[in-house]
Number of protein chains: 2
Amino acid sequence: MAPITLFFGTFVDLPRLKSGRKHELSVNRGALWVSASTGRIEGFDWSVASEAELQSLVRENGWVDVQIIRTREYQNEFFFPGFIDTHIHAPQYPNSGLFGSSTLLDWLETYTFPLESSMSSLSKARTAYNTVISRTLANGTTCASYFATIHVAATNLLAMLCHTRGQRALIGRVCMDNPSYCPEYYRDDSAQSSTSATEETISHIHTLDPESNLIKPIITPRFAPTCSPTALASLGALAASHTPPLHIQTHISENTSECALVRSLFQECPSYAAVYDAYSLLTPRTILAHAVHLTGEEKELIASRKAKVSHCPASNSALGSGIAPVRDLIDKGITVGLGTDVSGGYSPSILEAVRQACLVSRLLRHTTSKLGEGADGDEKTKGEKKDGEGREVLSVEEALYLATRGGAAVVDMNGELGGFEVGMFWDVQLIRLGQATTAAGTAAGSGSETQSVVDVFGWESWTEKVHKWVWSGDDRNVRRVWVRGALVHSIDGDGDQYSEKGLIGPAADFMRKDWMRWTMGGVGIGALALFLGGRAR
Amino acid sequence: MAPITLFFGTFVDLPRLKSGRKHELSVNRGALWVSASTGRIEGFDWSVASEAELQSLVRENGWVDVQIIRTREYQNEFFFPGFIDTHIHAPQYPNSGLFGSSTLLDWLETYTFPLESSMSSLSKARTAYNTVISRTLANGTTCASYFATIHVAATNLLAMLCHTRGQRALIGRVCMDNPSYCPEYYRDDSAQSSTSATEETISHIHTLDPESNLIKPIITPRFAPTCSPTALASLGALAASHTPPLHIQTHISENTSECALVRSLFQECPSYAAVYDAYSLLTPRTILAHAVHLTGEEKELIASRKAKVSHCPASNSALGSGIAPVRDLIDKGITVGLGTDVSGGYSPSILEAVRQACLVSRLLRHTTSKLGEGADGDEKTKGEKKDGEGREVLSVEEALYLATRGGAAVVDMNGELGGFEVGMFWDVQLIRLGQATTAAGTAAGSGSETQSVVDVFGWESWTEKVHKWVWSGDDRNVRRVWVRGALVHSIDGDGDQYSEKGLIGPAADFMRKDWMRWTMGGVGIGALALFLGGRAR
């Protein structure tokens, strides 16, 4: 077991925003090292620019067990923080892409409740959960806040599978006991059972991962209409009864019909957000999904409670819910991350959520919920720009920030995930765009499907390369994924030509290259015990 | 050369709409045959359900040279009409994904004109054009209406490459001579040179493909502001001087600033559409890209001239242009197809355009340009629906119709492309979703990147499978592409286990399977001369 893993190459992340500045990519080249025992970044040195300097670094630190993993410049590879999916329904994954022309409330009845209900079968649950974990890891999601179903056994299975596969996760057993808005075939027997069943899953998860290294429970009232006031109150009290208080997740203000329904059901509360607040569910550890149609008062209330918002643009477009005014939420002091909302959202990819967040923010100016002054269409003539115009637009960099550091703050791990600072966990993806396209032949032309579909032509800056990744990239670009320092996903293809027999494990192709270069270069490697292979958790 | 190619398996297309009905998938299983010499469908028989019946069909028709290509049920394979991209800028492909937070007019200046200008280098043009043809074919685009640049040589090169690679295409040399709205480094010297240079490319294309089997020229004034009135008039006259009149393509009403600019430049014309009409550019063979902000009068004018519209939703969102009210255009009698608008659009995939067309139509209700009555938000309560509500929403089926038959009508090949009727060209893609996911292992879990990322679980109807393809599919699902009966793209992967040495050519894996089965089954194959290998054009 190598006590140190050394990463050498190009590191791209989105630094914390300095006041008055706009988000920009941080691109560093150098070395960074991770403790194998804690999975945290122990240090970095961006001045390390050559093999010789890398050797010096190893010698100076007296590292004897060191594994080295590199990005290759000619393959346009870089390390990027793992994505954080702040809102995803694991049991709904098999329905991805099935929603027809429905909107929220009929979608729940037609597509969602029947599928969720079927997770009473552990074999069905296992298939769905293994698949969704595979797909999210393959798309670079290192941490996900999952809604499960009402079933204790299936919820516990999801927790176990995430733990085994090494994905960081919040796992929520769904609570829904209101007979008026839950189908008879799929609901909790009572408010009491909502709470007691939730407690069973909390206990299971705390036994599975006593130090909460990877998996944590999260209290999950589905949304206000599906929960009785008694259940809402009990769940709020349950969260508060733990030290520190438990995490909470639910939905808010996704669709105008849903908002009207909540108004009619909770007439004693001045707003949808106020319903959750009344039952102690609006806390600094609460994740509110959607927040499309909030009033100004609700935004103030949410900000004052330090509750967080999961922006799910793919879902909001797919179900015709609307466009969440993200800039306005941020301006009002609310912390925002991105969610796929599978399967209201059709894709398990947070990169797709990044794209959709950018796209819908560019349509906001044409909507009725557009941001205040200056956003009334782009009626400018050439060269003229009104003050504030376009302010609602999210840049690629901002959307990537939401997908990484934003998400980290939403899952209450601000400062621990989402960047390359000392002390942060190594929850990271290795992205490969592939070699530059040349006149003679292109990857596309070869008929090979193992290649990236991001076309780099060789003249692009790193910022341009990252933009191309965002707009054209997919799971084929995600070559390695680590969580807490451990390799949890890898793909090997034509480009990994250093893989040889005798070198076992997912990182071997990178290692072999190092080993050959170091040996053939005559470097004394006696001091380096190269430990090959992926680390077992 | 096999005179007949026989296709056996599952065929999915979007039939022409019967009055008062909604668009539905047509799913047929059976046999269909294509003439190798004409590339057209000669017949089909949906009653052919077994190998024995297939053999009878071959015997009864007295076919001796017959190539058989099958879809495999267990791999969830089906034939689907090739996609038609009604608006794409070939030279802009290298900029895919690069647009930052710009809108149309600054995007042209910052990103587009410099790149287009660089196509004066034929080596740069060759790289860009080979790549865009590869990527569009790989995504199932069998026909594209391309904007090239102002350069005659590079435009002719694009025509030659499409012809050689076998992609059906309209090729337009871009005309832009107005010094006020074209950069000095990238414009035609005069209105005269706009026309004469265009004539050079028309002549080249007519020499290259005298019968217009694959490639046709298209008159291409960039858009009203970049062309002098003299140029517009000459180009209109040029189109009309041919018999039949030449095709025309341009942009219209993409962005509100552009609309304001056109109003100020052409004050003698009552509208943007009226500008093109005044110069004889609004014809039944005209493709108008975007049409986001048309007035009611403009829609009537366009409909009365039978001009067509290319809807480019990915581009319109990316550049913040707005949402084209497609339902309203269709209701007013305008023919609509889909375009990628690379690189205002970030993706060369018409499947992505299908997705985006669906998504933005679901946001229309929240915009200021929403469709009349009933579209004022979904303020319904559970179970209630207002008349007309949701009418602006495009179903998956409708968007697929726009991508196939709609596009066929837009490129003036209505009835010749887009479906499986006798007499239509075999411009088709073979889609593979892959084997159903099982509890034990999933494609996603294997770390293989050669697999589809569409997860089928085995319980889905064909409609559901096609929906999953639309929402999750990509180029990995496009296993074979034919244009005019000839194979123009193929990928071979883990699933194609019938490929063996001695069987040469892209279709060999399918052939081998047939050959083995027929031989081993003891069927007299003496009458069948199996011609292996892809057909040379």
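Nothing here was measured: the structure is a model prediction, and the numbers come from that model.

J.: Help me understand helix H12 (residues 350–363) of chain B, please; the structure alone is not making it clear to me.
T.: An α-helix turns once every 3.6 residues. As a result, residues three or four positions apart point the same way. The end-to-end C-alpha distance of H12 of chain B is 20 Å, a good match for the 20 Å that 14 residues give at a rise of 1.5 Å each. The opening residue of H12 of chain B, the one whose side-chain oxygen lies 3.1 Å from the backbone nitrogen of Leu 351 of chain B, is Ser 349 of chain B.

J.: What exactly am I supposed to notice about the environment of His 290 of chain A here?
T.: Residue and element names in this part refer to chain A. Along the chain, His 290 turns up in strand E12 (residues 286–290). Residues His 290 and Gly 322 lie 32 residues apart in sequence; the distance between their C-alpha atoms is 9.6 Å. Setting aside residues up to four positions removed in sequence, His 290 forms contacts with His 87, His 251, Ile 252, Glu 254, Val 309, Ser 310, Cys 312, Ser 315, Asn 316, Ala 324 and Asp 341. Of the polar contacts made by the side chain of His 290, one reaches the side chain of Asp 341; its length is 3.4 Å.

J.: Please explain the side chain of Ser 96 of chain A as it appears in this structure.
T.: Following the sequence through the fold, Ser 96 of chain A ends up in the loop between strand E6 (83–89) and helix H2 (104–117). Reaching out from Ser 96 of chain A, the side chain makes a polar contact with the backbone oxygen of Tyr 93 of chain A at a distance of 2.7 Å. Each residue touching Ser 96 of chain A, except ones within four places of it in the same chain, is listed here: Val 342, Ser 343 and Tyr 346 of chain A together with Lys 468 of chain B.

J.: Got a minute to help me understand the domain arrangement of chain A in this structure?
T.: A common measure of how large an interface is: the accessible area buried when the components associate. Residue and element names in this part refer to chain A. For chain A, the assigned domains read domain 1 (4–81 + 420–438 + 449–501) and domain 2 (83–369 + 392–411). Each of domain 1 and domain 2 has a C-alpha centre, and the two are 31 Å apart. When the two sides are added together, the surface that domain 1 and domain 2 hide from each other amounts to roughly 2,400 Å², 63% of it contributed by carbon and sulfur. If you sort the residues of domain 1 by the area they bury against domain 2, His 23, Val 470 and Trp 471 come out on top, with a joint share of 26%. At the boundary of domain 1 with domain 2, the tally comes to 3 salt bridges. With a closest N to O distance of 3.3 Å, Asp 13 and Arg 405 form a salt bridge.

J.: How should the side chain of Asp 474 of chain A be read in this particular structure?
T.: By the element assignment, Asp 474 of chain A lies in the loop between helix H14 (462–472) and strand E16 (478–483). Excluding its chain neighbours within four sequence positions, the residues that come into contact with Asp 474 of chain A are Leu 351 and Val 453 of chain A together with Asp 474 and Arg 476 of chain B.

J.: Can you walk me through helix H6 (residues 229–241) of chain B in this structure?
T.: All names here are of chain B. With 13 residues, H6 should reach 18 Å at 1.5 Å per residue; the first-to-last C-alpha distance of 18 Å fits that figure. Among the residues making up H6, those that are buried are Ala 231, Leu 232, Leu 235, Gly 236, Leu 238 and Ala 239. Down the axis of H6, the buried side of the element spans an arc of 160°, and every buried residue falls inside it. Exposed and oriented more than 90 degrees from the buried face of H6 are Thr 230, Ala 240 and Ser 241. In this fold, the buried residues of H6 make contact with strand E9 (174–175), helix H5 (191–208), strand E10 (215–221), strand E11 (247–252) and helix H8 (272–278).

J.: Explain the relation of the copies chain B and chain A here, please?
T.: Mapping chain B onto chain A is achieved by rotating through 180° and translating by 0.0 Å along the same axis, at an RMSD of 0.0 Å. The superposition of one copy onto the other is thereby described by a two-fold rotation axis. For chain B, the minimum C-alpha distance to the rotation axis belongs to Thr 367 of chain B and amounts to 1.9 Å. An overlap of 99% is found between the interface residues of chain B and their copies at the interface of chain A, pointing to a shared contact surface.

J.: Explain unusual backbone geometry to me, please; I cannot follow it from the model alone.
T.: Of all residues except glycine, most have a negative phi; of all peptide bonds, most are trans. The step from Thr 243 of chain B to Pro 244 of chain B runs through a cis peptide bond, and the omega angle for that step is -10°. Relative to the elements of secondary structure, Pro 244 of chain B occurs in the loop between H6 and E11. Here Val 342 of chain B and Ser 343 of chain B are connected by a cis peptide whose omega angle stands at 0°. At Asn 76 of chain A, a position not held by glycine, the phi torsion is positive, near 50°. Structurally, the position occupied by Asn 76 of chain A is in the loop between strand E4 (66–70) and strand E5 (77–81). Of note, the phi angle at Ser 280 of chain A is positive, near 60°, even though the residue is not glycine. Structurally, Ser 280 of chain A can be placed in the loop between helix H8 (272–278) and E12.

J.: Explanation requested: the pattern of salt bridges in the structure shown.
T.: For side chains of opposite charge, pairing can occur when their charged atoms come near one another. One pass over the full model with this rule turns up 48 salt bridges over all chains. Of the charged contacts, one joins Asp 412 of chain A and Arg 285 of chain A as a salt bridge, the two residues approaching to 2.7 Å between their closest N and O atoms. On the criterion of sequence distance, the pair formed by Asp 412 of chain A in the loop between helix H13 (396–410) and strand E15 (428–432) and Arg 285 of chain A in the loop between H8 and E12 is long-range, its members being 127 residues apart. Looking at Asp 412 of chain A, the relative accessible area reads 31%, which means it is partly exposed. Here Arg 476 of chain A ties to Asp 474 of chain A by a salt bridge, and the two come within 2.8 Å at their closest N and O atoms. The class for Arg 476 of chain A is buried, based on a relative accessible area of 1%. Three or more residues joined by partner-sharing salt bridges are found here, namely Asp 474, Asp 475 and Arg 476 of chain A together with Asp 474, Asp 475 and Arg 476 of chain B.

J.: I would appreciate a short explanation of the packing of aromatic side chains in the present structure.
T.: Note on aromatic pairs: each is described by the distance of the centres and the angle between the planes. What the rule picks out here adds up to 48 aromatic pairs over all chains. Note on Phe 44 of chain A and Trp 46 of chain A: the rings are 4.7 Å apart at their centroids and 20° apart in plane angle, and the pair reads as stacked. Relative accessible area serves as the criterion here: at 33%, Phe 44 of chain A is assigned to the partly exposed category. Seen from their ring centres, Trp 471 of chain A and Tyr 346 of chain B are 4.8 Å apart, and the 40° between their planes marks the pair as tilted. You can see Trp 471 of chain A sitting in helix H14 and its partner Tyr 346 of chain B sitting in the loop between strand E14 (336–338) and H12, one on each of two chains. On the basis of relative accessibility, which here comes to 1%, the residue Tyr 346 of chain B falls in the buried class. The ring of Phe 8 of chain B carries Arg 29 of chain B above its face, with NZ or CZ at 5.8 Å from the centroid.

J.: How should I be thinking about the environment of Ile 248 of chain A in this particular structure?
T.: Residues and elements named next belong to chain A. Tracing the chain through its elements places Ile 248 in strand E11 (residues 247–252). Placed 38 residues apart in sequence, Ile 248 and Thr 286 show a C-alpha to C-alpha distance of 4.5 Å. With sequence-adjacent residues up to four places away left out, Ile 248 is seen in contact with Ile 218, Ile 219, Pro 221, Ala 239, Ser 280, Leu 281, Thr 283, Arg 285, Thr 286 and Ile 287.

J.: What is the right way to read the pairing of E12 of chain A from this model?
T.: In regular strands, side chains alternate between the two faces of the sheet. All names here are of chain A. Burial of E12 is extensive: 5 of the 5 residues sit out of reach of the surface. In the sheet, E12 pairs with strand E13 (residues 308–311) via 3 bridges, with the strands oriented parallel. Its bridge partner lying in E13, Ala 289 is registered against Ser 310. Handedness of the crossover joining E12 and E13 through helix H9 (residues 296–305): right-handed.

J.: Please clarify how the packing of H5 of chain B against H6 of chain B should be interpreted in this entry.
T.: Relative placement of two packed helices is described by the angle separating their axes and the distance separating the axes. Residue and element names in this part refer to chain B. At a minimum axis distance of 8 Å, the contact between H5 and H6 shows a crossing angle of 30°. Taken as axis vectors, H5 and H6 run roughly parallel relative to one another. Like other packed secondary-structure pairs, H5 and H6 cross with a definite hand, here right-handed. Residue-level inspection shows Ala 191, Ser 194, Thr 195, Thr 198, Glu 199 and Ile 202 of H5 in contact with H6, the latter providing Thr 230, Ala 231, Ser 234, Leu 235 and Leu 238. Of the residues belonging to the contact of H5 with H6, the class tally is 5 nonpolar, 5 polar and 1 charged.

J.: I keep staring at the environment of Ile 302 of chain A and nothing clicks. Help me out?
T.: Residues and elements named next belong to chain A. Turning to its location among the elements, Ile 302 is positioned in helix H9. Between the C-alpha atoms of Ile 302 and Gly 333, which are 31 residues apart in sequence, the distance is 9.1 Å. Not counting residues up to four positions away in its chain, the partners in contact with Ile 302 are Ile 252, Ala 273, Leu 282, Leu 288, Leu 294, Ala 307 and Ile 334.

J.: I tried to follow the interface of chain B and chain A on my own but got confused; where do I start?
T.: In this complex, chain B contributes 78 residues to the contact, which on the side of chain A involves 79 residues. Where chain B abuts chain A, roughly 6,700 Å² becomes buried across the two surfaces, and 54% of that area is made up of carbon and sulfur atoms. The interface formed by chain B and chain A holds 6 salt bridges in total. Between the two partners, chain B and chain A, sit 22 residue pairs in polar contact (both at pLDDT 80 or more). Within the residue set of the side of chain B that touches chain A, elements represented by two or more residues are helix H2 (104–117), helix H3 (122–138), helix H7 (256–265), helix H10 (313–318), H12 and helix H14 (462–472) of chain B. In terms of residue count, H3 of chain B provides more of the side of chain B that touches chain A than any other element does, 6 residues in total. Residues of the side of chain B that touches chain A, tallied by class, amount to 22 nonpolar, 38 polar and 18 charged.

Reading the values: rules and limits
- Residues numbered from 1 in each chain as written.
- Chains lettered and ligands numbered in written order.
- Predicted model: local features only at pLDDT ≥ 70, side-chain atom pairs only at ≥ 80, totals over all residues.
- Heavy atoms only, no water.
- Helix = DSSP H or I, 4+ residues; strand = E, 2+ residues; numbered from the N terminus.
- Expected span 1.5 Å × (residues − 1).
- Polar contact = N/O pair within 3.5 Å; in protein donor to acceptor, adjacent residues only side chain to side chain.
- Contact = heavy atoms within 4.5 Å.
- Domains from an automatic or database assignment.
- Buried area = accessible area lost by both parts, 1.4 Å probe.
- Salt bridge = Lys/Arg side-chain N within 4 Å of Asp/Glu carboxyl O.
- Buried < 20%, exposed > 50% of the residue type's maximum accessible area, 1.4 Å probe, protein only.
- Arc of directions from axis to C-beta.
- Least-squares fit on C-alpha atoms with pLDDT ≥ 70 in both.
- Phe/Tyr/Trp six-rings, centres within 6.5 Å; stacked < 30°, edge-to-face > 60°.
- Lys NZ or Arg CZ within 6 Å of the ring centre and 35° of its normal.
- Pairing = 2+ DSSP bridges.
- Right-handed = clockwise from strand over helix to strand, strands pointing away.
- Axes fitted to C-alpha atoms, helices over the stretch in contact; angles between N-to-C directions.
- Parallel < 35°, antiparallel > 145°, perpendicular 65-115°, else oblique.
- Left-handed = near helix turned anticlockwise from the far one by under 90°.
- Nonpolar A, V, L, I, M, F, W, Y, C, P; charged D, E, K, R; others polar.

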